[in-house]
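Residue-level structural notes
Here's the letter readout for the chains.
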Amino acid sequence: MRSITNMSGLRRPNAVTQRVVIVGAGHAGVQLSASLRDAGFDGDITMVGDEAVLPYQRPPLSKAYLLGKQDVGGLYLKSPEVYKELRVDYIAGDRVRSVERSDGVAVLQSGKRLRYDRIVLATGGRRIGLPVPGAHLDGVVGLRSFADASDIKERLAALPENRREFAEKAIKKILDRFYQEPAEKIEPYIYVLLEAIERSDYGVVVQHLAEAKRKDIAALADALDEFGLADMAHLV
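Described in the following lines is the structure provided in the data block. (Residues numbered from 1 in each chain as written. Predicted model: local features only at pLDDT ≥ 70, side-chain atom pairs only at ≥ 80, totals over all residues. Heavy atoms only, no water.)

A closer look at the packing of aromatic side chains
The full count for this structure, using the stated rule, is three aromatic pairs. Judged by centre distance (6.4 Å) and plane angle (25°), the rings of Tyr83 and Tyr90 are stacked. Of the aromatic side chains, those joined through ring pairs into one cluster are Tyr56, Tyr65 and Phe146. The ring of Tyr65 has Lys153 sitting right over it, with the charged end atom 4.3 Å from the ring centre. (Phe/Tyr/Trp six-rings, centres within 6.5 Å; stacked < 30°, edge-to-face > 60°. Lys NZ or Arg CZ within 6 Å of the ring centre and 35° of its normal.)

Digging into the layout of surface pockets
Its boundaries defined by the atoms lining it, the largest pocket holds a volume of some 420 Å³. Forming the walls of the largest pocket are 25 residues, and the residues nearest its centre are Gly24, Ala25, Asp50, Arg58 and Thr123. Here the residues of the lining of the largest pocket are counted per class, giving eleven nonpolar, seven polar and seven charged. (1 Å grid on protein atoms, 1.4 Å probe; cavity = no way out; pocket = protein on both sides within 12 Å on 5 of 7 lines; lining within 4 Å. Points joined across faces, edges and corners; volume = space filled by probe spheres on them. Nonpolar A, V, L, I, M, F, W, Y, C, P; charged D, E, K, R; others polar.)

Things to note about helix 1 (residues 27-38)
In this model helix 1 runs 16 Å from its N-terminal to its C-terminal C-alpha over twelve residues, within 8% of the 16 Å that 1.5 Å per residue would give. Considered for burial, the residues of helix 1 that qualify are Gly29, Val30, Ser33, Ala34, Leu36 and Arg37. Take helix 1 and look down its axis: the buried residues cluster within an arc of 155°, on one side only. Considering only its buried residues, helix 1 is in contact with strand 1 (19-23), strand 2 (44-48), helix 2 (80-86) and strand 3 (88-91). Phi turns positive one or two residues past the end of helix 1, at Gly40, with a value near 100°. (Helix = DSSP H or I, 4+ residues; strand = E, 2+ residues; numbered from the N terminus. Expected span 1.5 Å × (residues − 1). Buried < 20%, exposed > 50% of the residue type's maximum accessible area, 1.4 Å probe, protein only. Arc of directions from axis to C-beta. Contact = heavy atoms within 4.5 Å.)

In short, the description is geometric, and any link to function would need to be established separately.
Here it is as structure tokens:
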């Protein structure tokens, strides 16, 4: 069995690595599992992800997926068959609660204990909530995970038919305006827009947004930056 050297997390400096636990199921975790097999590692690989779905790409969540241009299957980093070929044991919908380094054990939230020779922390980052008044309101949502994007799509689907078309067009225009920008840049505009369209008295606002030209959408974005999200939230 091929060993792995020069990696942190080894309990016994000269021990042969037989079990690798990867904490996190994003790009880094998935690529590491594939790279280990490419390098000839023949031991056990376990990857733990806290979402109950296959590892997926995040950038399309705020773009192609939300726009309806890409389905769920198109988001996956690899198909289930690839993980079987790589012999990666993927544990979905669970998270590592603690690591007992002296015993080489990762303890999951579910209570399951995973023994390891090497453990890799590939958890990535977490979005920070808006530190402004009103950020706790129901209409203020985040957009980082598959669940977040699905929630936004469900909110749109639940809108009355006479406003749903306008709402979808307005959000698409916002997303198209920032199509090549990172998700964190367009999130604030989505927050404020959703807060507005969920109030029945502001259907006219959504209608104007739906009919606006690209330069008008850009003006809206600039206005949000200039006046601040908190002030805009109070206005709408």
